[in-house]
Amino acid sequence: MNASTAYEQVSPVVPSWLNKGDNAWQMTASTLVAVQSMPGLVILYASIVKKKWAVNSAFMALYAFAAVLICWVLLGYRMAFGDELLPFWGKGAPALGQKYLISRARVPESTHRREDGTTETVEPWYPMASLVYFQFTFAAITLILLAGSVLGRMNIKAWMAFVPLWLIFSYTVGAFSLWGGGFLYHWGVIDYSGGYVIHLSSGIAGLTAAYWVGPRLKSDRERFPPNNVLLMLAGAGLLWMGWSGFNGGAPYAANIDASIAVLNTNVCAATSLLVWTSLDVVYFGKPSVIGAVQGMMTGLVCITPGAGLVQSWAAIVMGILSGSIPWVSMMILHKKSALLQKVDDTLGVFHTHAVAGLLGGLLTGLLAEPELCGLILPVRTRGAFYGGSGGVQFLKQAVAAIFVIAWNVVSTTLILLFIRLFIPLRMPEEQLVIGDDAVHGEEAYALWGDGEKYDATKHGRNASLFGEETAESPYVNGARGVTINL
């Protein structure tokens, strides 16, 4: 049998342009990225926070995932990947029509004229529906990562308003500018899979949001232990394994560049985790599980802007730097900076995503390999390490980072100030003291402890289920509860 017959039109559902392998991989990659958010980050957030904020933190991620999808198909996708409205923004329109979704995927403003006079447009060999959903998963995880900066105190109603507004007025700008055929795309800035569009954006916007929302309670800032370290590792594991779809799906095809990207992603993450853990052992005398997760995260973030464009030895170099530079910024510089001390970034998203994402973008400008760049980029380029025009590429990476940082600071500020006119950004004090029970009327665990109102009918003497005499716990400064006098 001739292999070419696999791509012949055999029915209306298998048009001649459809590559079944590419389509299958793109849908698989989309699912892997979706699993990073739901349930990956939902589990990670629910377990890495103090027990009294487990439900609220999980719900913020869950809500963002659902809200982004609806806003994406109604307006957002075509603002990021549709026809040009401005050099940094596309024309918003629904991505719901049958004719539109079953047609061949295409990014209309990506048409680029090569030096030899020919033109090239991003046109994957699968339907538009696959591309719309794949890019949704990127948009969703960006908002969920941002949420990590404001866990434990942001008014849930304010968050519900913030998600669609930030998606429309901030995320789509970065996505169109760098991926959808905007001015940075045609200028030749490299962002292979979201080091700037996703991670630098979420880190900077998260820090900005944390500033405007305000800090957690003093008691929460001083003591905020994970309520379930093992469950936290499960969420982190889903995040790491899902990153193969994150970076492996970026070429829009099941090609050799996707293979390079998947390998480099895992090599960099493993290196970064080991370096971060080693630094913890050297400076603190013991390895930290939370530190290992943070090191894993910074490695995954750092490789993202250049995953399919750097050699694997360079992925190790990037892993060494992503396991050390963000570590220094979080463990040393953070404590010396008055601004960073004032702003309460709950999960340190600024360090794990903004610092690591910026680092990855700049390192891509140094280490991008010319032949790998030629496989996927519209502009022939190379990193500064390879000579030639590589120095110019590094400068382009720096300028693009400045644009992304500035846009996210301004847009996030304006969005939150607008919401503040109608909804308080921070929870009232009584909710901050109690947590999930006050905000949602639900708790993560059916145990009386930190975050639950004391009720003498349930928790006082003689309130035991089995009738035993009970007494208040003497540990009033720690987790509250009851003791049973046997």
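Everything below is about the structure shown above.
What you see is a predicted model, and the numbers here were worked out from it, not measured in a lab.

Enquirer: Is there a simple way to explain helix α9 (residues 229-248) in this structure?
Expert: Note on helix geometry: an α-helix contains 3.6 residues per turn, so any two residues three or four positions apart are oriented the same way. Here α9 is 20 residues long and its end C-alpha atoms lie 29 Å apart, about the 28 Å a rise of 1.5 Å per residue gives. The sharpest bend along α9 comes to roughly 30°, located at G242. The set of residues buried in α9 consists of M232, G235, A236, L239, G242, W243, S244, G245, F246, N247 and G248. As for α9, its buried residues are in contact with α1 (20-48), α4 (128-147), α7 (195-213), α10 (256-284) and α11 (289-303).

Enquirer: What is the right way to read the packing of α1 against α9 from this model?
Expert: The packing of two helices is summarised by the inter-axis angle and the distance between the axes. Between α1 and α9, the shortest axis-to-axis distance is 7 Å and the interhelical angle comes to 155°. Classified by the interaxial angle, the pair formed by α1 and α9 is roughly antiparallel. In this structure, the crossing between α1 and α9 has a hand that is left-handed. By residue class, the composition of the contact of α1 with α9 is 17 nonpolar, eight polar and no charged.

Enquirer: Please explain the pattern of salt bridges as it appears in this structure.
Expert: If the charged atoms of two oppositely charged side chains come close together, the side chains can form a pair. Per the stated rule, a full pass over the model turns up nine salt bridges. The salt bridge partner of K51 is E443, with a shortest N-O separation of 3.0 Å. Remark: E443 occurs in the loop between α18 (436-439) and α19 (456-459) and K51 occurs in the loop between α1 and α2 (54-81); sequence separation between them is 392 residues. A salt bridge links K52 to D220; the nearest nitrogen and oxygen atoms lie 3.5 Å apart. Here the residue K52 occupies a position in the loop between α1 and α2, and D220 occupies one in helix α8 (residues 218-222), the gap between them amounting to 168 residues. Per residue, the accessibility class of K52 equals that of D220, and both read buried. By sharing partners, the salt bridges in this structure join R153, R216, R221 and D344 into a single network.

Enquirer: Would you explain the environment of I156 in this entry?
Expert: If you trace the backbone, I156 turns up in helix α5 (residues 156-178). When sequence neighbours within four positions are dropped, the list of residues in contact with I156 reads N56, F59, M60, V439 and H440.

Enquirer: Just to check I follow, could you spell out the packing of aromatic side chains for this structure?
Expert: Aromatic ring pairs are described here by two measures, namely the spacing of the ring centres and the angle between the planes. Counted according to the given criterion, the structure contains 24 aromatic pairs. Aromatic pair W72 and Y77: ring centres 5.9 Å apart, planes at 75°, arrangement edge-to-face. A relative accessible area of 0% places W72 in the buried class. Taking the centre distance of 5.5 Å and the plane angle of 55° together, the rings of F88 and W407 count as tilted. Of this pair, F88 sits in the loop between β1 (84-86) and β2 (89-90) while W407 sits in helix α16 (residues 390-420), placing them 319 residues apart in sequence. By relative accessible area, F88 is classed as partly exposed at 22%. Of the residues examined, W407 reaches a relative accessible area of 26% and is grouped as partly exposed.

What counts as what
Residues numbered from 1 in each chain as written. Predicted model: local features only at pLDDT ≥ 70, side-chain atom pairs only at ≥ 80, totals over all residues. Heavy atoms only, no water. Helix = DSSP H or I, 4+ residues; strand = E, 2+ residues; numbered from the N terminus. Expected span 1.5 Å × (residues − 1). Bend = angle between axes of the 7 residues up to and from the residue. Buried < 20%, exposed > 50% of the residue type's maximum accessible area, 1.4 Å probe, protein only. Contact = heavy atoms within 4.5 Å. Axes fitted to C-alpha atoms, helices over the stretch in contact; angles between N-to-C directions. Parallel < 35°, antiparallel > 145°, perpendicular 65-115°, else oblique. Left-handed = near helix turned anticlockwise from the far one by under 90°. Nonpolar A, V, L, I, M, F, W, Y, C, P; charged D, E, K, R; others polar. Salt bridge = Lys/Arg side-chain N within 4 Å of Asp/Glu carboxyl O. Phe/Tyr/Trp six-rings, centres within 6.5 Å; stacked < 30°, edge-to-face > 60°.

Function cannot be read off these values alone, since they describe shape.
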